[in-house]
Amino acid sequence: MQHPKFISFEGIDGSGKTTQAKRLAKTLQHLGFSVHLLREPGNTPVSEHIRSLLLDRSTYHLTPKTELLLFSASRSQLVDTVIQPLLERGDVVICDRFTDSSIAYQAFGRKLPLEMVQLCNRIATNDLQPILTFYLRIPLEIAQQRMQQTRNTQDRFEASKTEFYQRVIEGYEFLVQTEPDRVFAIDATQPVDQIAAEIWTILQQRLPWLAQHSTSS
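Predicted model, so just to flag it, every value in this text is computed and none were measured.

(A) Quick look at the packing of aromatic side chains. What the rule picks out here adds up to 10 aromatic pairs. Arranged with centres 6.4 Å apart and planes meeting at 80°, the rings of Tyr105 and Tyr172 form a pair that is edge-to-face. Of this pair, Tyr105 sits in helix H4 (residues 99-109) while Tyr172 is found in helix H7 (residues 162-178), placing the two residues 67 residues apart along the sequence. The same class applies to Tyr105 and to Tyr172, which are both buried. Taking 5.4 Å as the distance between ring centres and 75° as the angle between the ring planes, the aromatic pair formed by Phe164 and Tyr165 counts as edge-to-face. With a relative accessible area of 5%, Phe164 lands in the buried category. You can call Tyr165 buried: its relative accessible area is 6%. Put simply, the rings of Tyr105, Tyr135, Phe164, Tyr165 and Tyr172 touch in pairs and so form one group of aromatic residues. The side chain of Lys5 reaches across the aromatic face of Trp209, ending 5.4 Å from its centre. Directly above the ring of Phe98 sits Arg75, whose terminal nitrogen or CZ lies 5.7 Å from the centroid.

(B) Summary view of the nonpolar core. Core analysis: the biggest nonpolar cluster contains 50 residues, and Phe9, Ile12, Ile94, Tyr105, Phe134 and Leu203 have the highest contact counts within it. Top contributing element to this core by residue count: H7, with 7 residues. Setting aside chain neighbours within four positions, we find Phe9 in contact with Lys17, Gln20, Ala21, Leu24, Ile94, Cys95, Asp96, Arg97, Phe134, Leu136 and Ile199. In this structure, Leu38, Val93, Phe98 and Leu128 belong to the second largest nonpolar core, which totals 12 residues.

(C) The arrangement of the pattern of salt bridges in detail. If you walk through the whole model with that rule in mind, you get 11 salt bridges. Residues Glu48 and Arg39 are paired through a salt bridge, measuring 2.9 Å at the closest nitrogen-oxygen approach. Residue classification places Glu48 among the partly exposed residues on the basis of a relative accessible area of 27%. By relative accessible area, Arg39 is classed as partly exposed at 35%. Where Glu173 meets Arg137, a salt bridge forms, and the shortest distance between an N and an O atom there is 2.8 Å. Of this pair, Glu173 sits in helix H7 while Arg137 is found in strand S4 (residues 129-137), placing the two residues 36 residues apart along the sequence. Since its relative accessible area comes to 23%, Glu173 is described here as partly exposed. A network of salt bridges, in which partner residues are shared, links Glu10, Asp13 and Arg97.

Conventions we followed
- Residues numbered from 1 in each chain as written.
- Predicted model: local features only at pLDDT ≥ 70, side-chain atom pairs only at ≥ 80, totals over all residues.
- Heavy atoms only, no water.
- Phe/Tyr/Trp six-rings, centres within 6.5 Å; stacked < 30°, edge-to-face > 60°.
- Helix = DSSP H or I, 4+ residues; strand = E, 2+ residues; numbered from the N terminus.
- Buried < 20%, exposed > 50% of the residue type's maximum accessible area, 1.4 Å probe, protein only.
- Lys NZ or Arg CZ within 6 Å of the ring centre and 35° of its normal.
- Core = buried A, V, L, I, M, F, W, Y, C linked by side-chain atoms within 4.5 Å.
- Contact = heavy atoms within 4.5 Å.
- Salt bridge = Lys/Arg side-chain N within 4 Å of Asp/Glu carboxyl O.

Here it is in structure tokens:
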């Protein structure tokens with residue numbers, strides 16, 4: 001079930017997805033919408049504890065299935081206690097990562113069966129999906145250069161090998177191909193303002209509630 005006021009951003013680390021999610025949240029807030037910017041995993045006490053465990057490099061021994069279940073547990077807590085209540089009262093929710101990350105990272109990156117990951121996603125979210133997902137597409141080498149310039153240390157995922165991230169990118173491209181009405185690939189090598197403008201254009205074209213607001217204002 002896609003919710004009309006639920007939007008997500010996806011991409012590998014260094015793609016600029018967090019920057020664009022923050023910009024969109026500020027733009028919508030400026031227009032008078034009640035907007036909540038969330039991240040995965042996180043935003044609840046339980047989810048933040050799980051996030052620390054998943055990103056800690058000392059937990060390198062986690063099996064792929066354990067990793068998937070931890071992400072799913074964090075997501076379930078976030079959906080049940082934060083996302084669904086906000087959407088039910090009519091607020092806009094923007095999420096920095098959601099179920100597509102599990103498809104890209106656990107199904108493709110970790111080579112878990114796609115059907116297993118999809119089932120976990122459905123259970124964790126009560127079949128909730130964003131109405132639109134923006135995938136910030138970027139060559140791996142550029143993303144890695146950005147990360148080297150901005151971070152002194154790497155978390156457990158950032159320390160993964162190139163082959164892993166190449167598979168993750170394949171996972172995102174799979175989503176672009178199989179869900180073209182929801183997942184939009186944006187060239188993340190463009191200037192930040194240009195990326196934001198492209199995202200805004202798609203939003204106005206695809207979201208009736210936003211188009212109506214723009215017309216009436």
